[in-house]
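# Coordinates in review
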Amino acid sequence: MNIHEKYIKRCIELAQNGLGTTYPNPMVGSVIVHNNKIIGEGWHRKAGEPHAEVNAINSVKNEELLKDSVIYVSLEPCSHYGKTPPCSDFIIAKGIKKVVIGTMDPFAKVAGRGIKKLLDAGCKVKVGVLEKECLELNKRFFTFHKKHRPYIILKWAQTEDGFIAPENRDDNRPVWITNKYSGQIVHKWRSEEAAILVGTNTVLKDNPSLNVRKWTGHDPVRIIIDRELKTPKDFSILDGKQKTIVICESKTERSEIEGLSYEQIDFTDNISEKLCELLYKNELQSVIIEGGSLTLQQFIDAGLWDEARIFTGRSEFKKGVKAPGFQGKLVSELDIEGDRLKIYKNDQSNNI
């Protein structure tokens, strides 16, 4: 690993502190280096607050050192006025002449303009250091802006014999296949993504809340596919405690509950594509598809998924609802107190 990679790696580590809190902005980290020593660090913490470069520069105790320093940043500095001023202008104003960037920003208002502004001001700019890792860091942001759809994570739990639900149950309470530690991980994941989506059968059978209870973080937007509006009004999913979108066939329903809305799509064909269009329209950069089997399989069959996170518990059902079928590249495997978690990537999905 060369010196530039070393410091961009540190930028990535810093940026990851913002997972789940920077939306709709990307995660970005930055370090200031003077004579091969880090003199400032920062990351973007929350939309509307200062960006990584600003936080890094402001952390430097002696600003006189900046003119002889290098600023490293995992993503191209912005060049436009949003909720905060342009970072490229701030870098130039502080007299920093050397800039090393992990990857360009695909966002239309940036997309090379930040780099151009730095070059026009006489800065030396190096781009594309640990670019693959920087792209992976902001896979949600890049997928949203390049593919015009959210980053899609499939998630389910299955038994040793490959079932995600028993054949019969007596009430609308969930049947737990995995242990409490796996359940906590799922709630952590929810806090990291913009939305969570389930189908009608899952709602009717489990009466889920789809919130973050076992972790600290924000609740995702709930997306419910309820073609014929079968969900009872007293179900948790319609309680208005977090933003919820019910997707139905006939947009005749009107909600008087704040945060609860109904949107219409055509269910005759290409349902997954239409759901992606709706999520994109609502500016949701990522979504966890939590089921059920029919909903998951629709996205798999359409090739519309990026990751699959699959828990396998130690129980067996013998018969019931089969787990979805799919093919993907196994990228990690973890034992969680007896549960097995495997994470797959979709090789067929175009690279971001």
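Just so we're clear, the structure is a prediction, and the values are computed from it rather than from any experiment. (Residues numbered from 1 in each chain as written. Predicted model: local features only at pLDDT ≥ 70, side-chain atom pairs only at ≥ 80, totals over all residues. Heavy atoms only, no water.)

## So, the overall build of the protein
Our working definition: In DSSP terms, a helix is any run of H or I states spanning at least four residues, a strand is any run of E spanning at least two, and both are numbered starting from the N terminus. Radius of gyration here uses only the C-alpha atoms, and the compact-globule reference equals 2.2 Å multiplied by the residue count raised to the power 0.38. In this scheme, a residue with accessible area under 20% of its type's maximum is buried, one over 50% is exposed, and one in between is partly exposed, where area comes from a 1.4 Å probe on protein chains only. Should any heavy atoms of two residues lie within 4.5 Å, those residues are counted as being in contact. Using the Shrake-Rupley algorithm and a 1.4 Å probe, accessible areas are obtained, with residue cover drawn only from the displayed protein chains. Neither His nor the chain ends contribute to the count of charged residues, in which Lys and Arg are positive and Asp and Glu negative. For the purpose of locating charges, the reference atoms are NZ of Lys, CZ of Arg, CG of Asp and CD of Glu.
Secondary structure summary: the protein contains 10 helices and 16 strands in total. At 23 Å, the protein has a C-alpha radius of gyration in line with the 20 Å of a compact globule built from 352 residues. Across the 352 residues in the protein, those meeting the buried criterion constitute 50%. Once local pairs closer than 6 in sequence are excluded, the contacts in the protein between residues at least 24 apart make up 69%. For the protein, the exposed surface amounts to about 17,400 Å²; the carbon and sulfur share of it is 47%. Distance from the positive charge centre (52 side chains) to the negative charge centre (48 side chains) of the protein: 4 Å.

## Details of unusual backbone geometry
Residue Tyr 23 is joined to Pro 24 through a cis peptide bond whose omega torsion reads 5°. Tracing the chain through its elements places Pro 24 in the loop between helix H1 (3-15) and strand E1 (29-34). Although it is not a glycine, Leu 130 sits at a positive phi angle of roughly 50°. Its place among the elements puts Leu 130 in the loop between strand E5 (124-127) and helix H5 (131-137).

## Quick word on the sheet that holds strand E15 (residues 329-336)
In sheet architecture, strand pairing relies on hydrogen bonds along the backbone and comes in two forms, parallel and antiparallel. Where we set the bar: For two strands to pair, DSSP has to find at least two bridges joining them. Helix axes use the C-alpha atoms of the stretch in contact, all axes being lines fitted to C-alpha atoms, and the angles between their N-to-C directions lie in the range 0 to 180 degrees.
Reading across the sheet, the 9 strands line up as E11-E10-E9-E8-E12-E6-E13-E16-E15 and stay open at both edges, with mixed pairing between neighbours. Edge positions in the sheet fall to strand E11 (260-264) and E15, since each has one partner strand and no second. When strand polarity is set aside, the average angle formed by the axes of neighbouring strands in this sheet is 20°. Sheet strands in contact with helix H9 (residues 271-281) are strand E6 (151-158), strand E9 (221-225), strand E10 (244-248), E11 and strand E12 (286-291), and its direction is about 145° off that of E10. Sheet contacts for helix H10 (residues 293-301): E6, strand E8 (195-198), E9 and E12; angle to E6, the most-contacted strand, approximately 135°.

## Thoughts on the UniProt feature "active site" (unreviewed entry) in the protein
So the rule is basically this: UniProt positions are given in the numbering used here, feature names are shortened, and annotations may be inferred rather than shown by experiment.
This chain's UniProt record puts "active site" (unreviewed entry) on Glu 53. Among the structural elements, Glu 53 can be located in helix H2 (residues 52-58). Apart from residues no more than four positions distant in its own chain, Glu 53 is found in contact with Ser 30, Ile 71, Val 73, Leu 75, Pro 77, Cys 78, Cys 87 and Ile 91.

## Brief notes about the pattern of salt bridges
The cut-off we apply is this: Basic side-chain nitrogens of Lys or Arg form a salt bridge, by our definition, when they fall within 4 Å of a carboxyl oxygen of Asp or Glu.
On inspection of all chains with the given rule, the structure shows 24 salt bridges. Note that Lys 281 and Glu 263 form a salt bridge whose closest N and O atoms lie 2.8 Å from each other. Remark: Glu 263 occurs in strand E11 and Lys 281 occurs in helix H9; sequence separation between them is 18 residues. A cluster of three or more residues bridged by salt bridges with shared partners is formed by Glu 136, Lys 139, Glu 307, Arg 309 and Lys 345.

## So, the domain arrangement of the protein
What counts, and what does not: Boundaries of every domain are those given by an automatic assignment or by a domain database. For any pair of parts, buried area is found by adding up, for both, the accessible area (1.4 Å probe) each one loses once the two are put together.
What the domain assignment lists for the protein is domain 1 (3-141) and domain 2 (148-345). Listed as interface residues are 8 residues of domain 1 and, on the opposing side, 14 residues of domain 2. Area buried by domain 1 at its contact with domain 2 is led by Tyr 23, Lys 139 and Arg 140, which between them contribute 64% of it. At the junction of domain 1 and domain 2, the tally comes to 3 salt bridges.

## Regarding H10
Filter applied, for reference: For this quantity, the arc is that covered by the directions from the helix axis to the C-beta atoms.
Taken residue by residue, H10 has Ser 293, Thr 295, Leu 296, Phe 299 and Ile 300 as its buried positions. Seen end-on, H10 carries its buried residues on one side only, within an arc spanning 165°. Those residues of H10 that are exposed and angled more than 90 degrees off the buried face are Leu 294 and Asp 301.

## Some remarks on the packing of aromatic side chains
The condition is simple: Two rings from Phe, Tyr or Trp (for Trp, the six-membered ring) form a pair when their centres sit within 6.5 Å of each other. Planes less than 30 degrees apart are called stacked, planes more than 60 degrees apart edge-to-face, and all others tilted.
Tallied over the entire structure, the rule returns 7 aromatic pairs. Arranged with centres 5.1 Å apart and planes meeting at 50°, the rings of Tyr 7 and Tyr 72 form a pair that is tilted. In this pair, Tyr 7 is assigned in helix H1 and Tyr 72 in strand E3 (residues 70-75), connecting sequence segments 65 residues apart. With a centroid separation of 5.0 Å and an interplanar angle of 90°, the aromatic rings of Phe 326 and Tyr 344 are classed as edge-to-face. Taken together, the residues Phe 326 in the loop between strand E14 (320-322) and E15 and Tyr 344 in strand E16 (residues 339-345) connect sequence positions 18 residues apart. On the accessibility criterion, Phe 326 (22% relative accessible area) is partly exposed.

## Re H1
What counts is decided by this rule: Expected span of a helix: the number of residues minus one, times 1.5 Å. The definition of a polar contact used here is a pair of N or O atoms within 3.5 Å, where within protein one atom must be able to donate a hydrogen and the other to accept one, and adjacent residues in sequence count solely through side-chain atom pairs.
Along its 13 residues, H1 runs 19 Å from first to last C-alpha, staying within 8% of the 18 Å computed at 1.5 Å per residue. Within H1, the full set of buried residues consists of Tyr 7, Ile 8, Cys 11, Ile 12, Leu 14 and Ala 15. Buried residues of H1 fall within an arc of 160° about the axis and therefore sit on the same side. Between the side-chain oxygen at the start of H1 and the backbone nitrogen of His 4 there is a gap of 3.0 Å, and the oxygen is on Asn 2.

## As for the nonpolar core
Heads up, the condition is: Residues belong to a common nonpolar core when they are buried Ala, Val, Leu, Ile, Met, Phe, Trp, Tyr or Cys residues joined through side-chain atoms within 4.5 Å.
One finds Ile 152, Leu 154, Trp 156, Ile 223, Ile 247, Ile 289 and Phe 299 to be the most contacted residues of the largest nonpolar core, which totals 31 residues. Of all elements in the fold, only E6, E8, E9, E10, H9, E12, H10 and strand E13 (307-312) reach the threshold of two or more residues within this core. Considering every element that reaches this core, the biggest residue donor is H9, with 5 residues. Those residues within four positions of Phe 299 in sequence are excluded, and the remaining contacts are Ile 152, Leu 154, Leu 197, Ser 272, Leu 275, Cys 276, Ile 289, Leu 304 and Trp 305.

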